[in-house]
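Coordinate inspection notes
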Amino acid sequence: MAKIEKIQGKAVSKIFEELQQKKLPLNLYTKDEKHKSIVYIVDIRKVRRMSHFLIRFKNSFHNAFEDIDSQKLHFDFTGSDKIKYAFETNVSQIMEDTLWIHFPESVHRYQR
């Protein structure tokens, strides 16, 4: 059984910086899991003291985001340490082919 560690605070920011710098892929799922995609963090920005990460998506995925304000997005990825991580969060805004996504309050690390 996997042990789940809850990562919070500045450690969350470090994880996202590593995801961006090392160009590690994230699996993105809508809540209903009808839409899945592999995405990469293209930028990290702070707006009104709130951190966001930005991802781009394909036009074919655009329909999944029509009612995005009412649903959480689920992400998981394998870190450079070969351990699985997962989190969920909300979209802040959509600009053309880019989603601005709030940093999650916590990220779960699944250790064996």
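Notes on the structure in this doc start here.

Analysis parameters
- Residues numbered from 1 in each chain as written.
- Predicted model: local features only at pLDDT ≥ 70, side-chain atom pairs only at ≥ 80, totals over all residues.
- Heavy atoms only, no water.
- Helix = DSSP H or I, 4+ residues; strand = E, 2+ residues; numbered from the N terminus.
- Buried < 20%, exposed > 50% of the residue type's maximum accessible area, 1.4 Å probe, protein only.
- Core = buried A, V, L, I, M, F, W, Y, C linked by side-chain atoms within 4.5 Å.
- Contact = heavy atoms within 4.5 Å.

Bringing unusual backbone geometry into the picture now. At Arg48, a residue that is not glycine, the phi angle is positive and equals roughly 50°. Relative to the helices and strands, Arg48 resides in the loop between strand 4 (41–47) and strand 5 (50–56). Non-glycine residue Arg49 carries a positive phi angle of around 65°. Tracing the sequence through the fold places Arg49 in the loop between strand 4 and strand 5. Owing to a relative accessible area of 81%, Arg49 belongs among the exposed residues under this scheme.

Take the nonpolar core next. Judged by nonpolar contacts, the single largest core of 23 residues is most densely connected at Phe16, Phe53, Ile55 and Phe75. At the level of secondary structure, the elements contributing two or more residues to this core comprise helix 1 (10–21), strand 2 (26–30), strand 5, strand 6 (73–78), strand 7 (84–89) and strand 9 (98–102). The greatest single-element share of this core, amounting to 4 residues, is contributed by helix 1. Setting aside residues up to four positions removed in sequence, Phe16 forms contacts with Ile41, Ile44, Phe53, Phe87, Phe103, Pro104 and Val107.

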